[in-house]
Amino acid sequence: MRKSSSSPRLDALPTPELIARGQDLLSAHNYKDAIDVYKLLLKREPQPEAGWRESLATAYLERARQLAHKAMYREAAVLWENIPTICGQAPHPEGCVEWLLQSNQYAKAMRVYAQYQYTSALAGAGELETQLAALALAGQKDILQLLPQETPLRRQLATAQAALRAYGKGESESAVREHLQNIPIRSPYRDLRQALSALLKLDTDPVEAAKLVERIATTSPYHGLAEIIRACAAPEPAPELMALDAAQRELAAHLLGLDARQLKLLKDWAKLGTPPDDKALFGFIISNLTVLDQEQARRACLALLSVYPRGQPIYTQRFGPLPAFEAQRLQALYAEREHQDHRALRHWQACVDELIKERHNLDHRLMAALILRHMAELAKHGDFGWGQDPEPAHYLEKSLEFDSEDRETYLKLIAFYKDGHYEKEYHQWVERAVKQFPEDPQVLMAAVATATARKAYKKAAGFAVRVLELDPINTKARTVLINSHLAHARKQMLAGKYPLAEKELNSAGQWERENARSGIIEINRGLLAFKQRQRELMQKWFQEGLRLAGSPVLGWLRLAVEAYRLKLEPVTFQRDLGLGDPRKFTVHRAELMTLIQWVNTYREESFADIGSLLEDLEKPLKKALREISHQDDWISICECLHEAPHYELLEYAATQALEQHPGRPLFIYYQIYGRAEGDAEEIRDRDYDRLETALETADETDDQRSAMRIKRFLSQGGPPIPFRRSGGGPRSLPIPVLPPNMRAEMEEIRRELERLPPMLRGPMLERMLDGLPEDDDFPPEVQRALMKALILGDSRLQEILDSDEEDDDDDDDDDDDFPPPRRGRSRPGRRRK
Amino acid sequence: MSLSNPFNILGVAETADDAAIKKAYLQKVREHPPERSPERFQAIRAAYEAIKTRRDRLSYRLFEHETPDPARLVASALQIGVRRRPTEQQLRQWLNNRLTGQK
């Protein structure tokens, strides 16, 4: 189309302009159109001496190169063949020979080669001759017939053939070498010489063989053979063989002495993806079993069963049945992979049951313990639906029955009970841990914490001294010791025993490092001076204490806390200190973060009035919150205010945090928790919806911390009581995960029931339960109990399930469940400001 | 989690005890110090951590999903056979196919 539309225009151009146009197209590398222009000129001025003919030859040559670049060798050669007729010259004939060879036109290639062989254009065409030599050696008749006389190609062919024949016949290395030595270094057959030398060395010196083929260029026709030799010479040939193509691999397999089965193995391996799909890999192993190491293959298949359980029947058929433990373990792993946490727990439990059948076997006991610890992790992080979390602590405790020397498990139990505010269990487990690990600083520190929490300061100090003996740079132990002496000093001050108080303060001072003085001892010395009516001394110690505290707000907080501990009002000293009104303090970010840290410490020390002390600082703290921008800072601040607790500041801080991090579930939780003053009953409807949305977001983004917090709050605020106490029977079967909307539906049913007169509620519930459709997962009576528990409220679930296990005919008491306990009643660990 | 077999990385049998594993680990670290081959060192270190104690080894056996390495399976299957020379005809045919584009 383009040609027909442009031709009339070109035709109309005068010759000089046409020549100029041709030149322009040539300069722009548009050789195709340049050829059209010059062909037009050829029609107008056919005389051979025209100057533009050379340009036409160039256009033909470059266009031919362009086509060859696109692997259109035949077309390239045709274009090149035009050149001699146009300008009487044949530039770069080796290109044409190469293209003719590439398009398998050997006779034509040899004719062009013979015709231009002695022109300067062929000087340095060693690669071409090497290729022609290889074709001659391969037995290409057209090449052999037309090999020019008196050329190395013809002269050395017989020697090369003899060498090849000798190698192929299996003649000795020396015999083959004799032939090879007759091939000169500059021969077109030199790469054959290298390749055969390397093949000879393959058996005796593979390293040398690989070295020999290094000299074969990548453009050489023997390069493919060189790659084969390198693969065969490799210490681990398998991966090298994979880099070869199928034909190369076949020849390599022959060289390596591989049989048909091994070759099939290589072929199948080449078809596997990287990384291979589990099913495909399983199939690959099974279909090549005869050639693979049986034990290796069995183990590989076994490993794959945890991700490809459908392979189990084939596995059983080939390797025999799986031991019961192994079958359960694989199912557990697969369930975990599929995020079916309940199912995973069930299979892990079955594993434990299998293992403890042989309790005397140490490995079995250890594995049972490890599985139980794994189950605890699964129970802690898995998704089990509303109020159905299984019992991490139960699994941990159980694991110690089989492996009592795992320190981590003790520490986990201690942390679990501590975080859950189960004081009794917490202290018990600390005691057990200390008994088991009396020389372990981490365990001893836990003992320090529990003794301090029980106000057993002497005991705490004893543990702390022991920790410092084992770990002299343990700052926490040092702090505990100082605090212990301070606590004693306060006791003495309150009892009016001032000299004894001073002695305790001196002892506290001895433990304090010179470069880490906090000012707390000095403030207590000031308070002691106040008690003794030594005003000047008091002022001196207070000034020193404030200086060491680092800032007015921190100094004030420290003094206020210490004063409260001695049942004194901090306002008494404010004037003496010249601190002014705390509500007018200026607090910067660094001071705020230190204050947050101190508040946490005071809370850990069970200082009860910290919330009311913060009230005095509300204004400056709110101002300081405006300086916060980092998310981690917001989390620390909110967490501190959540635990302190100070609801107003918490709501304020969370609202500020949400402005910077909109929609973050944790901040939504803190905001609503603060607004509802930590009481789930006080959550507004709109906030309830927001919390549920935040929970969904937290689940979707795997934000477990926020999800757990929100779940706890929504399911009544206090710490979860998801597990049976130690010493209880085996745990009940896991409860299936509820669909997300089920809880709302249950709430709706419950509300409907509550609207009925009390006497009708029980019978109505029974009728509803009678109408339940059958469920494959549970027997009808369990299904009834579950549904009833769900309708009556999450907190009744475990109780009803347990009673169902013990006594199936307990339905007579159903009416007593109405009205069911509302959310938020009788919750343990509930705190109100 | 998929993990390269730590026993293979350290070059020890799966029945090896703590002492043998530690010895193999130290040997490997000497061969591949962190300053010379940091990635290899990391792998050795991770392998050691995975099977250091009896509990670790049992834990690895119970919970780690180790994707079988087909290369290793194939490699062990290829370690048999006697090397053979191709015949002249085979070599010529192979060369011809290579040059004429017949694969």
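Source: prediction; values computed, not measured.

Parameters and conventions
Residues numbered from 1 in each chain as written. Chains lettered and ligands numbered in written order. Predicted model: local features only at pLDDT ≥ 70, side-chain atom pairs only at ≥ 80, totals over all residues. Heavy atoms only, no water. Helix = DSSP H or I, 4+ residues; strand = E, 2+ residues; numbered from the N terminus. Buried < 20%, exposed > 50% of the residue type's maximum accessible area, 1.4 Å probe, protein only. Areas by Shrake-Rupley, 256 points an atom, 1.4 Å probe, with all protein chains shown as cover. Phe/Tyr/Trp six-rings, centres within 6.5 Å; stacked < 30°, edge-to-face > 60°. Lys NZ or Arg CZ within 6 Å of the ring centre and 35° of its normal. Expected span 1.5 Å × (residues − 1). Contact = heavy atoms within 4.5 Å. Polar contact = N/O pair within 3.5 Å; in protein donor to acceptor, adjacent residues only side chain to side chain. Core = buried A, V, L, I, M, F, W, Y, C linked by side-chain atoms within 4.5 Å. Axes fitted to C-alpha atoms, helices over the stretch in contact; angles between N-to-C directions. Parallel < 35°, antiparallel > 145°, perpendicular 65-115°, else oblique. Nonpolar A, V, L, I, M, F, W, Y, C, P; charged D, E, K, R; others polar. Salt bridge = Lys/Arg side-chain N within 4 Å of Asp/Glu carboxyl O.

## Focus on the overall build of chain A
Okay, so step 1: If you tally the helices and strands in chain A, you get 47 helices and 0 strands.
Okay, so step 2: Burial analysis of chain A (833 residues in total) assigns 50% to the buried set.
Okay, so step 3: Of the roughly 41200 Å² of accessible surface on chain A, 50% is carried by carbon and sulfur atoms.

## Observations regarding the packing of aromatic side chains
Each pair of aromatic rings is reported with the distance of its centres and the angle of its planes.
All names here are of chain A.
Okay, so step 1: Here the structure, examined in full by the defined rule, presents 15 aromatic pairs over all chains.
Okay, so step 2: Both rings, one in Tyr669 and one in Phe713, keep their centres 5.8 Å apart while their planes meet at 80 degrees; by these two values the pair is edge-to-face. Residue Tyr669 is located in helix H41 (residues 665-675), and its partner Phe713 is located in helix H43 (residues 704-714); the two are separated by 44 residues in the primary sequence.
Okay, so step 3: Through pairs of rings, three or more aromatic residues link up here, namely Tyr647, Tyr669, Tyr670, Tyr673 and Phe713.
Okay, so step 4: Taking NZ or CZ as reference, Arg432 lies 4.2 Å from the ring centre of Trp429, over its face.
Okay, so step 5: Taking the ring centre of Phe667 as reference, the NZ or CZ of Arg664 above it sits at 5.7 Å.

## Some points on helix H18 (residues 260-271) of chain A
In an α-helix, one full turn covers 3.6 residues, which means residues spaced three or four apart are oriented alike.
Okay, so step 1: Given a rise of 1.5 Å per residue, 12 residues ought to cover 16 Å, and the 17 Å separating the end C-alpha atoms of H18 of chain A matches this to within 8%.
Okay, so step 2: Along H18 of chain A, the positions that sit buried rather than exposed are Gln262, Leu263, Leu265, Leu266, Asp268 and Trp269 of chain A.
Okay, so step 3: Along its buried surface, H18 of chain A packs onto helix H16 (237-242), helix H17 (246-256) and helix H19 (278-287) of chain A together with helix H5 (70-77) of chain B.
Okay, so step 4: Its side-chain oxygen at 3.1 Å from the backbone nitrogen of Arg261 of chain A, Asp259 of chain A defines the N-terminal cap of H18 of chain A.

## Observations regarding the nonpolar core
Okay, so step 1: Core analysis: the biggest nonpolar cluster contains 123 residues, and Trp80, Leu101, Ile143, Leu225, Ile228, Ile229 and Ile285 of chain A have the highest contact counts within it.
Okay, so step 2: Excluding residues within four positions of it along the chain, Ile285 of chain A makes contact with Leu292, Ala297, Ala300, Cys301 and Leu304 of chain A together with Leu73 of chain B.
Okay, so step 3: Core analysis: the second largest hydrophobic core is formed by 81 residues, Met493, Leu505, Leu527 and Leu592 of chain A among them.

## With respect to the packing of helix H2 (residues 18-31) of chain B against helix H3 (residues 38-51) of chain B
Residues and elements named next belong to chain B.
Okay, so step 1: Across the interface, H2 lies against H3 with an axial gap of 10 Å and an inter-helix angle of 170 degrees. In terms of their interaxial angle, H2 and H3 are classed as roughly antiparallel. Contacts between H2 and H3 involve Ile21, Lys22, Tyr25, Lys28 and Val29 from the first element and Phe41, Ile44, Arg45, Tyr48 and Ile51 from the second.
Okay, so step 2: Considered class by class, the residues forming the contact of H2 with H3 number 7 nonpolar, no polar and 3 charged.

## Notes on the environment of Ala676 of chain A
Residues and elements named next belong to chain A.
Okay, so step 1: Mapping Ala676 onto the fold places it in the loop between H41 and helix H42 (685-700).
Okay, so step 2: Counting along the chain gives 29 residues from Ala676 to Tyr647, while the straight-line C-alpha distance between them is 8.2 Å.
Okay, so step 3: Sequence-distant contacts of Ala676, that is, excluding residues within four places in its chain, are made with Glu682, Ile683 and Phe713.

## Let's talk about the interface of chain A and chain B
Much of the literature gives interface size as the accessible area that the parts lose upon coming together.
Okay, so step 1: Each side of the interface is counted separately: chain A has 77 residues, and chain B has 39 residues.
Okay, so step 2: At the surface where chain A touches chain B, the tally comes to 6 salt bridges.
Okay, so step 3: Our count for the contact surface shared by chain A and chain B stands at 18 residue pairs in polar contact (both at pLDDT 80 or more).
Okay, so step 4: Looking at the side of chain A that touches chain B element by element, the count peaks at 8 residues for helix H24 (residues 362-381) of chain A.
Okay, so step 5: Of the residues belonging to the side of chain A that touches chain B, the class tally is 47 nonpolar, 15 polar and 15 charged.

## Topic: the environment of Arg709 of chain A
Residues and elements named next belong to chain A.
Okay, so step 1: When you line up the elements, Arg709 lands in helix H43.
Okay, so step 2: It is 7.6 Å that separates the C-alpha atoms of Arg709 and Tyr669, two residues lying 40 residues apart in sequence.
Okay, so step 3: Non-local contacts of Arg709, meaning those with residues more than four positions away in its chain, are made with Glu639, His642, Glu643, Tyr669 and Tyr670.
Okay, so step 4: A distance of 3.5 Å separates a polar atom in the side chain of Arg709 from a polar atom in the side chain of Tyr670.

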